Amino acid sequence: MEQKNNSLLIYTIFYFLFLYIPVLFLPLFSFNDSNYMSFPLSGFTFRHYEDMWSKAPVFRALWVSIKVGVIASVVSTVIALMAAKAFTKYKFIGSRVSYAAVLLPFLIPEIILAVSLIVIWLSLGFKLGLVPVTIGHILFCTPFCMLILISRIEGFDSSLEEASRDLGENAWGTFWKVSFPLYLPGIIASLLLGFIISFDEFILAFFLSGSDPTLPMYMWNQLRFIKKLPHVLALGAIIIVATTFVVLLAYWLRNLGQAKNKDFKI
Amino acid sequence: MWGYVNKLYARSDNVKAYTLLTPALIFFFCVMLTPMLLTIAFSFFTQINMNEIDYSFTTDRYVEFFNKPLLTSLLFKSVKISFIVTFVTLLTAYPAAYYIAFYVKKNKTLWLILMSLPFWTSYLLRIFSWKIILGTKGVVNSGLITLGLISEPLSFIMYSQTAVVITLSHAWAAFALLPLYVSLDKIDYSLIEASRDLGNSRLETFWRVTFPLSLPGVIGAILIIFIPTVGDYVTPQMVGGVDGRMLSYMIQSYFGKVNNIPMGAVSAVIMLAAVASITMIVSYVTTKLTQRVA
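Conventions we followed
- Residues numbered from 1 in each chain as written.
- Chains lettered and ligands numbered in written order.
- Predicted model: local features only at pLDDT ≥ 70, side-chain atom pairs only at ≥ 80, totals over all residues.
- Helix = DSSP H or I, 4+ residues; strand = E, 2+ residues; numbered from the N terminus.
- Rg over C-alpha atoms; globule rule 2.2 N^0.38 Å.
- Buried ≥ 20, exposed ≤ 12 C-beta atoms within 10 Å, placed from the backbone.
- Contact = placed C-beta atoms within 7 Å.
- Axes fitted to C-alpha atoms, helices over the stretch in contact; angles between N-to-C directions.
- Left-handed = near helix turned anticlockwise from the far one by under 90°.
- Nonpolar A, V, L, I, M, F, W, Y, C, P; charged D, E, K, R; others polar.
- Core = buried A, V, L, I, M, F, W, Y, C linked by C-beta atoms within 7 Å.
- pLDDT = per-residue confidence, 0-100.

(A) Examining the overall build of chain B more closely. Counting secondary structure elements, chain B contains 15 helices and 2 strands. Here the C-alpha radius of gyration of chain B, 25 Å, is well above what a compact globule of 294 residues would show, namely 19 Å. By principal-axis analysis of the C-alpha atoms, chain B measures approximately 85 × 70 × 35 Å. Taken across its 294 residues, chain B has 42% of its residues classed as buried. Within chain B, residue pairs in contact and separated by at least 24 positions form 73% of the contacts whose partners lie at least 6 positions apart.

As structure tokens, then:
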């Protein structure tokens, strides 16, 4: 280990400020008593929050996003858990190709996923709406959920499961009585982070949702009108605070009961 | 009979693994592979009017794409902007990842969480905050005017390629920091000490030892940033203006108001082909480089 390097420390601090400060302007201006987001600040107010609270479409969009997010995160966590189990427990033919296939949606431009889903959905003669959005979100969340679950499963000694099998428990019983409780913090982390990804996702929703806007789409539609911006700021500030809280909770859960200083993964 | 099947099942890891992978692979085939193949198929069709498509095979749409200077220039610009973004993000994130890997001793986990946290906050809101900062009446301009440094708002910082590059470098920072940190953290520090003991300067040590050993992280970061940003839609739309417009804009309008699905499919396929070929070149070159180092 190196001892000290002050210039590098100062650079790193500035880099973190660069990462964090832009996002903090949203909460700052959401309390500013003006319709424009500019300096000098003109006083403290809650009126943008009251304005947001009185708008019914905000809550409609919020409900849509919650529905889509819950379904997407539950389904992707189930798919991802099974896949994570396969990749961590077995050595099998084609494992590298299958691994790449599961991770691929995360690696190609999202707009291409969205476009392909539109093409197949319309060719099948279906109407755009929340169903294709949810399907798209499951596709998009699964790789993240799998990476989270793999890092959790790898942290455990598989001899516990072997012991359970040796003592006469069948595969199903072993899963529910031994593996599942051990994986549970990881599973909850995967559910929470999957939900956040779906909740924040914009491109797939924008292309596939038709007339039912999700919350990011609602915000996108408001951003075009300068007069409607302040209440979006208030909404954005709430979303940032809530998201940060959920993500920290997920991190805490994922590392629960695991040795410290392990390799850090997304 | 069933006993035999059960025995076979219990013995074969292949069968068990693929049973567990069934949902994931079905999803991959139905929701990703088939739709993409269908999109490729549509790129060979023709849109006759709003609702009708001629399904006879033609490569005319590809000819049309390359004959339209607007489309080729947007494609070129998408790739160029993504290249710059990738380079800027890596260059700015590297020292920070280096610091955390080699100098931070206490509370490493806290630093790592701080590094990845911005990635989880809404993408749309992160881009939006840059609109607040760079806008004509934004933080930078109004701040500078309040301080009396300028009298007219600076117009070049908003609605330009520069704005797109700044915004994307901020939005994708976590994707550079994490892979870089992981590969730097794996480096055996005694190798660096050995290099120093053998008389290499700090800079020489970095170029000959540390940087080559961190290449896996560099490659990972390049791919994970370059590929998605080529197709980014939100950032160019929100802060790019006409100057910062990218190919995604045309894809969206072909599927939206223009309603020319085959032409949109052609643009998407060409974008994917460009991304895939560049990715292959990058991985080929870097594997060669890594082999030479090892």
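(B) Summary view of the overall build of chain A. A count of helical and extended segments in chain A gives 11 helices and 0 strands. Across its three principal directions, the C-alpha atoms of chain A cover 70 × 65 × 30 Å. Residues classed as buried in chain A amount to 44% of the 266 residues present. Contacts in chain A between residues at least 24 apart in sequence constitute 78% of all its contacts with a sequence separation of at least 6.

(C) Structural detail: the packing of helix α5 (residues 108–120) of chain B against helix α9 (residues 173–186) of chain B. All names here are of chain B. Close contact between α5 and α9 brings their axes to 8 Å; oriented N to C, the two are set at 145 degrees. Regarding α5 and α9, the two cross each other, and that crossing is left-handed. Residues Met115, Ser116, Pro118 and Phe119 of α5 lie in contact with α9, whose contacting residues are Ala173, Ala174, Leu177 and Leu178. Class assignment of the residues belonging to the contact of α5 with α9 gives a composition of 7 nonpolar, 1 polar and no charged.

(D) Just the interface of chain B and chain A, in detail. Across the contact, 72 residues belong to chain B and 72 residues belong to chain A. For the side of chain B that touches chain A, the element with the most residues is helix α2 (residues 13–42) of chain B, which contributes 19 residues. In terms of residue class, the side of chain B that touches chain A is built from 50 nonpolar, 16 polar and 6 charged.

(E) Layout of the nonpolar core. In this structure, Ala83, Ala114 and Val115 of chain A together with Ala97, Ala176, Leu177 and Leu180 of chain B are the most contacted members of the largest nonpolar core, which totals 162 residues. Residues in contact with Leu177 of chain B, not counting those within four places in the same chain, are Ala93, Ala96, Ala97 and Met115 of chain B.

(F) Quick look at the packing of helix α7 (residues 159–166) of chain A against helix α8 (residues 171–200) of chain A. Residues and elements named next belong to chain A. At their nearest, the axes of α7 and α8 sit 10 Å apart, and the two run at 145 degrees to each other. Helix-helix and strand crossings are classified by hand; for α7 and α8 the assignment is right-handed. Note on element contacts: α8 touches α7 through Thr174, Lys177, Val178 and Ser179, opposite Leu160, Glu161, Ser164 and Arg165.

(G) Focus on unusual backbone geometry. All names here are of chain B. Even without being glycine, Asn107 reaches a positive phi, approximately 55 degrees. Tracing the sequence through the fold places Asn107 in the loop between α4 (69–102) and α5. At Asn259, a position not held by glycine, the phi torsion is positive, near 50 degrees. Along the chain, Asn259 turns up in the loop between α14 (247–255) and α15 (261–293).

(H) Broad picture of the confidence of the model for chain B. For chain B, mean pLDDT is 87; residues scoring 70 or higher make up 95% of the total. Within chain B, the lowest mean pLDDT, 65, falls on helix α1 (residues 2–11) of chain B, and the highest, 93, falls on α4 of chain B.

(I) Up close: α7 of chain A. With respect to burial, α7 of chain A is a largely exposed element, only 0 of its 8 residues being buried. Positioned one or two residues after α7 of chain A, Gly168 of chain A has a phi angle of 100 degrees, which is positive.

(J) The arrangement of the environment of Val88 of chain B in detail. Residues and elements named next belong to chain B. Along the chain, Val88 turns up in helix α4. Along the sequence, Val88 and Trp111 sit 23 residues apart, while their C-alpha atoms lie 22 Å from each other. Apart from residues no more than four positions distant in its own chain, Val88 is found in contact with Val165 and Ser169.

(K) Layout of the environment of Ile239 of chain A. Within the secondary structure layout, Ile239 of chain A lies in helix α11 (residues 229–255). For Ile239 of chain A, a count of 22 C-beta atoms within 10 Å puts it in the buried group. Each C-alpha atom, one on Ile239 of chain A and one on Leu215 of chain A, is 10.0 Å from the other, the two residues being 24 residues apart in sequence. Other than its neighbours up to four places away in sequence, Ile239 of chain A contacts Ser122 and Leu125 of chain B.

(L) Representation of the confidence of the model for chain A. Averaged over every residue, the pLDDT of chain A is 85; residues scoring 70 or more account for 94%. Segment residues 260–266 of chain A is flagged for pLDDT under 50; beyond a separation of four residues in sequence, or across chains, it makes 10 contacts in the model.

(M) Representation of the environment of Leu160 of chain A. Residues and elements named next belong to chain A. Mapped onto the secondary structure, Leu160 falls in helix α7. Using a count of 12 C-beta atoms within 10 Å as the deciding quantity, one classes Leu160 as exposed. Taking the C-alpha atoms as reference points, Leu160 and Leu182, separated by 22 residues in sequence, lie 10.0 Å from one another.

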